[in-house]
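Notes for the structure review
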Amino acid sequence: LEPLNWEGVPASEVTPVEVGPRSDEAAIGHVPPDVEFHAPVADGVELRVRSSLEDVSLKRGRSGGLILLTLKTVYADGEDRPLVTCSDTIIAR
Amino acid sequence: MTDERGPIVTVEVPIELREIRPLVKEPTRQQLFLFSAATWNTHRIHYDPDYAREEGHPDVIVQSHLHASFLTEALVQTVGEKARIVRFGWQNRAVAVPGERLTCRGRATRAARSGDALRVEYELEEWNERGALCTSAWASVVFPAPA
């Protein structure tokens, strides 16, 4: 079984997310994230969010080439203690 | 291995935590619409049946994150509100549509103790009534020291 992206489409055949006119440039999907919860997030806490690009790779799908961008996003409190870390993969044509 | 609480020791999973009690969910179109609104998901395949069919789906489809929410609910039902989910990830394997009965189940794969805290690793699955695996997931749960 091939994993589906978060819109129910096989990861190798990603179609555009409907956020505007469909075009090849808008062809983007996601693979569901892997999330780590380091500490509870309290109501009212000031969050600092940092995203970094961890990896870029090319994959050959049935309808052409795909770019896989692996992002790591860290949500920290006001004293920079990590609260949540999220690893995400964005797929683009 | 150690963490901030001391050495990490592999232990047997307590019997009451080994199996996730099955949870059956039957999503509705209304639930999908509300979930899209609450998560700011504007994709029409979740609330516009005609559009979903144009995209090759039999009906509007259950959101990836709603599948994950069902599995999380099943997990919490067994581990209890005092346990803390410290990691959760999942993969969607097949689409699901409103009216389908989805059964969530799972099992512990290993456990480790550090200080008084117990960490248990789980694998979870959500199946539809035709026997297709819709979502597989993995989770880590930490149980606090007994009071």
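Some thoughts on the environment of serine 140 of chain B
Residues and elements named next belong to chain B. Inspection of the secondary structure assignment puts serine 140 in strand S7 (residues 133–143). Serine 140 sits 124 residues away from glutamate 16 along the chain, and the two C-alpha atoms are 16 Å apart. The residues touching serine 140, leaving out its near neighbours within four places in the chain, are Arg84, Ile85, Val86, Arg87, Arg119, Val120 and Glu121. A distance of 3.1 Å separates the side chain of serine 140 from the side chain of arginine 119, its partner in a polar contact.

Considerations on helix H1 (residues 29–38) of chain B
Residue and element names in this part refer to chain B. Restricting attention to buried positions, one finds in H1 the residues Leu32, Phe35 and Ser36. Down the axis of H1, the smallest arc covering the buried residues is 100 degrees, so these residues share one side. Seen from the buried face of H1, the exposed residues on the opposite side, beyond 90 degrees, are Gln30, Leu34 and Ala38. Buried residues along H1 sit against helix H3 (64–79). In the segment just after H1, tryptophan 40 is the residue with positive phi, at about 55 degrees.

As for the pairing of strand S6 (residues 117–128) of chain B
All names here are of chain B. For S6, the buried fraction is high: nine of the 12 residues fall into the buried class. In this sheet, S6 lies alongside strand S5 (residues 102–114) in antiparallel orientation, the contact comprising 12 bridges. Bridging across to S6, glycine 106 finds its partner in leucine 124. With antiparallel pairing between neighbouring strands as the criterion, S5 and S6 make up a hairpin whose turn holds two residues, including glycine 115 at a positive phi of roughly 60 degrees. Summarising the sheet, S6 and S7 pair through 10 bridges and their orientation is antiparallel. Within S7, the residue paired with leucine 118 across the bridge is phenylalanine 143. Where S6 hands over to S7, the hairpin turn is made up of four residues, of which glycine 131 adopts a positive phi near 85 degrees.

So, the pattern of salt bridges
Residues and elements named next belong to chain B. A complete count under the given rule lists 14 salt bridges over all chains for this structure. Two residues, glutamate 100 and arginine 130, come together in a salt bridge whose shortest N-O distance is 2.3 Å. Separated by 30 residues along the polypeptide, glutamate 100 in the loop between strand S4 (84–92) and S5 and arginine 130 in the loop between S6 and S7 bring together distant segments of the chain. Note that arginine 107 is salt-bridged to glutamate 125, the shortest N-O span being 3.4 Å. Taken together, the residues arginine 107 in strand S5 and glutamate 125 in strand S6 connect sequence positions 18 residues apart. Look at arginine 107 and you get partly exposed, because its relative accessible area is 22%.

Comments concerning the confidence of the model for chain A
All names here are of chain A. This prediction gives chain A a mean pLDDT of 74; 65% of its residues lie at or above 70. Looking over chain A, one finds the lowest element-wise mean pLDDT in strand S1 (residues 28–37), namely 80, and the highest in strand S2 (residues 48–61), namely 89. Scored below 50 in pLDDT, residues 12–27 makes 39 contacts in the model with residues more than four places away or belonging to other chains.

Cut-offs applied
Residues numbered from 1 in each chain as written. Chains lettered and ligands numbered in written order. Predicted model: local features only at pLDDT ≥ 70, side-chain atom pairs only at ≥ 80, totals over all residues. Heavy atoms only, no water. Helix = DSSP H or I, 4+ residues; strand = E, 2+ residues; numbered from the N terminus. Contact = heavy atoms within 4.5 Å. Polar contact = N/O pair within 3.5 Å; in protein donor to acceptor, adjacent residues only side chain to side chain. Buried < 20%, exposed > 50% of the residue type's maximum accessible area, 1.4 Å probe, protein only. Arc of directions from axis to C-beta. Pairing = 2+ DSSP bridges. Salt bridge = Lys/Arg side-chain N within 4 Å of Asp/Glu carboxyl O. pLDDT = per-residue confidence, 0-100.

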